[in-house]
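Structural overview for review
Listed below are the residues making up each chain.
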Amino acid sequence: MSNARNAVVLLSGGLDSAVALAICRSEGYITNALTIDYGQRHRVEITAAQRIAAALGVARHIILPVDLTLWGGSALTADLPVPSRRTRTEIGDDIPVTYVPARNTIFLALAMGWAETLETGDIFIGAHALDYSGYPDCRPEYFAAFEALANRATRSGAQRTLSWHVHTPLLHRTKSAIVRRGLDLGVPFGLTSSCYQPVDAGDSQSVLACGVCDACVLRRAAFAELGVVDPIPYDIPG
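This one's a predicted model, so the numbers in the text were calculated from it and none came from an experiment. (Residues numbered from 1 in each chain as written. Predicted model: local features only at pLDDT ≥ 70, side-chain atom pairs only at ≥ 80, totals over all residues. Heavy atoms only, no water.)

Points about the nonpolar core
- Membership of the largest hydrophobic core comes to 39 residues, with the highest contact counts inside it found for L108, F143 and C213.
- At the level of elements, β1 (6-10), β2 (30-37), α4 (103-117), α5 (140-153) and α8 (214-226) are the ones that each hand at least two residues to this core.
- If you tally residues by element for this core, the top one is α4, at 6 residues.
- Not counting the four nearest positions on each side in its chain, C213 is found in contact with V82, P83, S84, C195, Y196 and Q197.
- Counting 25 residues, the second-largest nonpolar core is a separate cluster that includes L21, C24, V179 and A222. (Core = buried A, V, L, I, M, F, W, Y, C linked by side-chain atoms within 4.5 Å. Buried < 20%, exposed > 50% of the residue type's maximum accessible area, 1.4 Å probe, protein only. Helix = DSSP H or I, 4+ residues; strand = E, 2+ residues; numbered from the N terminus. Contact = heavy atoms within 4.5 Å.)

Some thoughts on the pattern of salt bridges
- Considering all chains together, one arrives at 5 salt bridges under this definition.
- The partner of D214 in a salt bridge is R86, with the nearest N and O atoms 2.6 Å apart. On the criterion of sequence distance, the pair formed by D214 in helix α8 and R86 in the loop between β3 (60-65) and α3 (88-91) is long-range, its members being 128 residues apart. Both residues of the pair, D214 and R86, count as buried. (Salt bridge = Lys/Arg side-chain N within 4 Å of Asp/Glu carboxyl O.)

A few points about the sheet that holds strand β4 (residues 122-124)
- As summarised here, the arrangement of the 5 strands in space is β3-β2-β1-β4-β5, forming an open sheet in which the pairing is parallel. Looking at strand neighbours, the two that pair on one side only are β3 and β5 (165-167), the edges of this open sheet. Strand-to-strand twist of the sheet, defined as the mean angle between neighbouring strand axes without regard to direction, takes the value 25 degrees.
- Relative to β5, β4 runs parallel, the two sharing 3 bridges. If you follow D122 over to β5, its bridge partner there is H165.
- Contacts from α4 reach β1, β2, β3, β4 and β5, with the element oriented near 140 degrees to β2. (Pairing = 2+ DSSP bridges. Axes fitted to C-alpha atoms, helices over the stretch in contact; angles between N-to-C directions.)

Pasting the structure below:
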(Lines give C-alpha, C1' and ligand atoms only; values in the text may rest on other atoms or scores of the structure.)
Protein backbone atom coordinates (compact mmCIF):
# COMPACT_ATOMS: atom_id res chain seq x y z
CA MET A 1 0.00 0.00 0.00
CA SER A 2 1.42 3.40 -1.01
CA ASN A 3 2.20 5.99 1.65
CA ALA A 4 2.18 8.82 -0.89
CA ARG A 5 0.45 12.02 0.21
CA ASN A 6 -1.63 14.36 -1.89
CA ALA A 7 -0.36 17.80 -2.76
CA VAL A 8 -2.00 20.65 -4.64
CA VAL A 9 0.23 22.35 -7.21
CA LEU A 10 -0.62 25.74 -8.66
CA LEU A 11 -0.01 25.24 -12.38
CA SER A 12 -0.16 28.34 -14.55
CA GLY A 13 1.26 26.76 -17.68
CA GLY A 14 4.49 28.70 -17.40
CA LEU A 15 8.06 27.52 -17.01
CA ASP A 16 8.28 27.96 -13.23
CA SER A 17 5.05 26.20 -12.33
CA ALA A 18 5.95 23.28 -14.62
CA VAL A 19 9.24 22.83 -12.77
CA ALA A 20 7.45 23.09 -9.40
CA LEU A 21 5.06 20.35 -10.53
CA ALA A 22 7.96 18.14 -11.59
CA ILE A 23 9.69 18.67 -8.25
CA CYS A 24 6.50 17.81 -6.37
CA ARG A 25 6.19 14.60 -8.35
CA SER A 26 9.87 13.76 -7.82
CA GLU A 27 9.36 14.03 -4.06
CA GLY A 28 6.75 11.28 -4.17
CA TYR A 29 3.56 13.30 -3.80
CA ILE A 30 0.31 12.52 -5.58
CA THR A 31 0.06 15.63 -7.73
CA ASN A 32 -3.22 17.54 -8.06
CA ALA A 33 -2.86 20.52 -10.38
CA LEU A 34 -4.90 23.71 -10.02
CA THR A 35 -5.01 26.24 -12.86
CA ILE A 36 -6.86 29.52 -12.38
CA ASP A 37 -8.60 31.02 -15.39
CA TYR A 38 -8.67 34.59 -14.15
CA GLY A 39 -9.31 36.30 -17.47
CA GLN A 40 -5.62 36.76 -18.21
CA ARG A 41 -4.80 38.22 -21.61
CA HIS A 42 -2.22 35.48 -22.21
CA ARG A 43 -4.86 32.77 -22.17
CA VAL A 44 -2.65 30.42 -24.14
CA GLU A 45 -1.07 29.51 -20.80
CA ILE A 46 -4.26 27.66 -19.81
CA THR A 47 -3.89 25.33 -22.79
CA ALA A 48 -0.21 24.99 -21.89
CA ALA A 49 -1.19 23.95 -18.36
CA GLN A 50 -3.45 21.23 -19.75
CA ARG A 51 -0.61 19.87 -21.87
CA ILE A 52 1.88 19.94 -19.01
CA ALA A 53 -0.56 18.25 -16.62
CA ALA A 54 -1.10 15.47 -19.15
CA ALA A 55 2.61 15.10 -19.90
CA LEU A 56 3.61 14.92 -16.23
CA GLY A 57 0.76 12.62 -15.27
CA VAL A 58 -1.14 14.47 -12.57
CA ALA A 59 -3.84 12.65 -10.62
CA ARG A 60 -6.35 15.43 -11.30
CA HIS A 61 -6.31 18.80 -13.02
CA ILE A 62 -8.88 21.46 -12.20
CA ILE A 63 -9.21 24.66 -14.24
CA LEU A 64 -11.11 27.07 -12.02
CA PRO A 65 -12.68 30.28 -13.40
CA VAL A 66 -12.24 33.39 -11.23
CA ASP A 67 -12.77 36.52 -13.31
CA LEU A 68 -10.31 39.17 -12.10
CA THR A 69 -11.02 41.35 -15.13
CA LEU A 70 -14.06 42.63 -13.23
CA TRP A 71 -11.78 45.02 -11.34
CA GLY A 72 -8.71 44.98 -13.61
CA GLY A 73 -5.81 46.93 -12.17
CA SER A 74 -3.16 45.04 -14.12
CA ALA A 75 -1.84 44.86 -17.66
CA LEU A 76 -2.71 41.18 -17.54
CA THR A 77 -6.40 41.76 -16.78
CA ALA A 78 -7.11 45.17 -18.34
CA ASP A 79 -6.36 47.13 -21.49
CA LEU A 80 -3.00 48.47 -20.36
CA PRO A 81 0.32 48.22 -22.22
CA VAL A 82 2.65 45.40 -21.21
CA PRO A 83 6.21 46.61 -20.47
CA SER A 84 8.56 45.58 -23.26
CA ARG A 85 12.24 45.67 -24.17
CA ARG A 86 13.38 46.29 -20.61
CA THR A 87 16.74 45.10 -19.37
CA ARG A 88 16.97 42.59 -16.55
CA THR A 89 18.13 45.42 -14.26
CA GLU A 90 15.15 47.58 -15.20
CA ILE A 91 12.75 44.67 -14.63
CA GLY A 92 13.80 44.33 -10.99
CA ASP A 93 13.62 48.04 -10.16
CA ASP A 94 9.95 48.32 -9.17
CA ILE A 95 6.60 46.57 -9.07
CA PRO A 96 5.43 46.52 -12.71
CA VAL A 97 1.98 47.07 -14.15
CA THR A 98 1.77 43.30 -14.80
CA TYR A 99 1.30 42.83 -11.05
CA VAL A 100 -2.21 41.45 -10.51
CA PRO A 101 -3.65 42.72 -7.19
CA ALA A 102 -3.72 39.93 -4.58
CA ARG A 103 -3.27 37.23 -7.23
CA ASN A 104 -1.14 34.81 -5.22
CA THR A 105 -3.29 35.33 -2.14
CA ILE A 106 -6.40 34.44 -4.13
CA PHE A 107 -4.71 31.46 -5.79
CA LEU A 108 -3.25 30.09 -2.57
CA ALA A 109 -6.58 30.46 -0.76
CA LEU A 110 -8.28 28.42 -3.48
CA ALA A 111 -5.51 25.83 -3.36
CA MET A 112 -5.90 25.70 0.42
CA GLY A 113 -9.61 24.96 0.08
CA TRP A 114 -9.02 22.08 -2.31
CA ALA A 115 -6.10 20.75 -0.30
CA GLU A 116 -8.18 20.56 2.87
CA THR A 117 -10.77 18.42 1.10
CA LEU A 118 -7.91 16.15 0.00
CA GLU A 119 -6.79 15.95 3.63
CA THR A 120 -3.40 17.44 2.92
CA GLY A 121 -1.62 20.58 4.03
CA ASP A 122 0.89 20.54 1.18
CA ILE A 123 0.68 23.24 -1.49
CA PHE A 124 3.34 23.83 -4.14
CA ILE A 125 3.84 27.10 -5.99
CA GLY A 126 6.55 27.99 -8.51
CA ALA A 127 7.27 31.52 -7.26
CA HIS A 128 10.82 32.76 -6.96
CA ALA A 129 12.46 35.89 -5.59
CA LEU A 130 15.56 36.04 -7.83
CA ASP A 131 15.49 37.08 -11.52
CA TYR A 132 11.81 38.03 -11.20
CA SER A 133 9.59 41.05 -11.71
CA GLY A 134 9.51 42.34 -8.14
CA TYR A 135 6.02 41.18 -7.21
CA PRO A 136 5.39 41.57 -3.44
CA ASP A 137 3.52 38.26 -3.27
CA CYS A 138 6.61 36.35 -4.45
CA ARG A 139 8.74 37.16 -1.40
CA PRO A 140 9.79 34.75 1.37
CA GLU A 141 8.05 36.72 4.12
CA TYR A 142 4.78 36.59 2.20
CA PHE A 143 4.79 32.79 1.95
CA ALA A 144 5.73 32.44 5.63
CA ALA A 145 2.77 34.67 6.51
CA PHE A 146 0.35 32.71 4.31
CA GLU A 147 1.52 29.42 5.79
CA ALA A 148 0.88 30.79 9.26
CA LEU A 149 -2.57 31.92 8.12
CA ALA A 150 -3.39 28.45 6.75
CA ASN A 151 -2.50 26.88 10.07
CA ARG A 152 -4.98 29.20 11.81
CA ALA A 153 -7.74 29.72 9.25
CA THR A 154 -8.69 26.09 8.54
CA ARG A 155 -10.53 23.49 10.59
CA SER A 156 -7.65 21.08 10.09
CA GLY A 157 -5.17 23.67 11.31
CA ALA A 158 -7.25 24.69 14.31
CA GLN A 159 -7.80 21.06 15.31
CA ARG A 160 -4.16 20.22 14.50
CA THR A 161 -5.13 17.36 12.22
CA LEU A 162 -2.95 18.83 9.47
CA SER A 163 0.24 20.85 9.39
CA TRP A 164 0.12 23.31 6.52
CA HIS A 165 3.17 23.94 4.39
CA VAL A 166 3.46 26.19 1.33
CA HIS A 167 6.30 24.62 -0.64
CA THR A 168 8.33 27.13 -2.66
CA PRO A 169 11.13 24.97 -4.10
CA LEU A 170 12.22 27.66 -6.57
CA LEU A 171 12.14 30.64 -4.24
CA HIS A 172 15.89 31.17 -3.95
CA ARG A 173 16.92 29.90 -7.38
CA THR A 174 17.93 32.05 -10.32
CA LYS A 175 15.96 31.62 -13.52
CA SER A 176 18.79 29.69 -15.13
CA ALA A 177 18.98 27.38 -12.10
CA ILE A 178 15.24 26.76 -12.43
CA VAL A 179 15.68 25.82 -16.08
CA ARG A 180 18.59 23.54 -15.19
CA ARG A 181 16.50 21.78 -12.52
CA GLY A 182 13.68 21.37 -15.00
CA LEU A 183 15.99 19.86 -17.59
CA ASP A 184 17.28 17.41 -14.99
CA LEU A 185 13.68 16.38 -14.24
CA GLY A 186 12.67 16.08 -17.88
CA VAL A 187 10.24 19.00 -17.89
CA PRO A 188 8.78 19.43 -21.40
CA PHE A 189 9.63 23.12 -21.74
CA GLY A 190 8.32 23.14 -25.30
CA LEU A 191 4.81 22.77 -23.87
CA THR A 192 5.13 25.77 -21.51
CA SER A 193 4.07 29.34 -22.18
CA SER A 194 5.64 32.31 -20.37
CA CYS A 195 4.82 35.28 -22.62
CA TYR A 196 2.50 38.06 -21.39
CA GLN A 197 1.47 39.12 -24.91
CA PRO A 198 1.63 36.13 -27.28
CA VAL A 199 1.36 36.75 -31.00
CA ASP A 200 -0.89 34.85 -33.39
CA ALA A 201 1.35 32.75 -35.64
CA GLY A 202 -1.11 33.14 -38.52
CA ASP A 203 -1.91 29.47 -38.91
CA SER A 204 -4.96 29.48 -36.59
CA GLN A 205 -3.37 26.73 -34.49
CA SER A 206 -0.40 28.22 -32.70
CA VAL A 207 1.00 31.39 -31.15
CA LEU A 208 4.45 32.85 -30.80
CA ALA A 209 6.01 34.30 -27.68
CA CYS A 210 6.59 38.01 -28.27
CA GLY A 211 10.22 37.85 -27.16
CA VAL A 212 10.28 41.34 -25.62
CA CYS A 213 7.97 41.37 -22.56
CA ASP A 214 9.54 40.97 -19.11
CA ALA A 215 8.65 37.28 -18.91
CA CYS A 216 10.23 36.57 -22.30
CA VAL A 217 13.36 38.59 -21.48
CA LEU A 218 13.96 36.65 -18.25
CA ARG A 219 13.21 33.29 -19.86
CA ARG A 220 15.44 33.84 -22.87
CA ALA A 221 18.32 35.03 -20.71
CA ALA A 222 18.07 31.89 -18.55
CA PHE A 223 18.31 29.52 -21.52
CA ALA A 224 21.11 31.61 -23.02
CA GLU A 225 23.13 31.44 -19.80
CA LEU A 226 22.95 27.66 -19.93
CA GLY A 227 23.78 27.50 -23.62
CA VAL A 228 20.54 25.61 -24.21
CA VAL A 229 18.05 26.26 -26.98
CA ASP A 230 14.66 27.41 -25.73
CA PRO A 231 12.19 25.10 -27.52
CA ILE A 232 9.31 27.58 -27.81
CA PRO A 233 8.93 29.78 -30.93
CA TYR A 234 9.39 33.56 -30.72
CA ASP A 235 7.97 36.32 -32.88
CA ILE A 236 11.18 38.37 -32.52
CA PRO A 237 14.36 36.25 -32.76
CA GLY A 238 16.85 36.54 -29.92
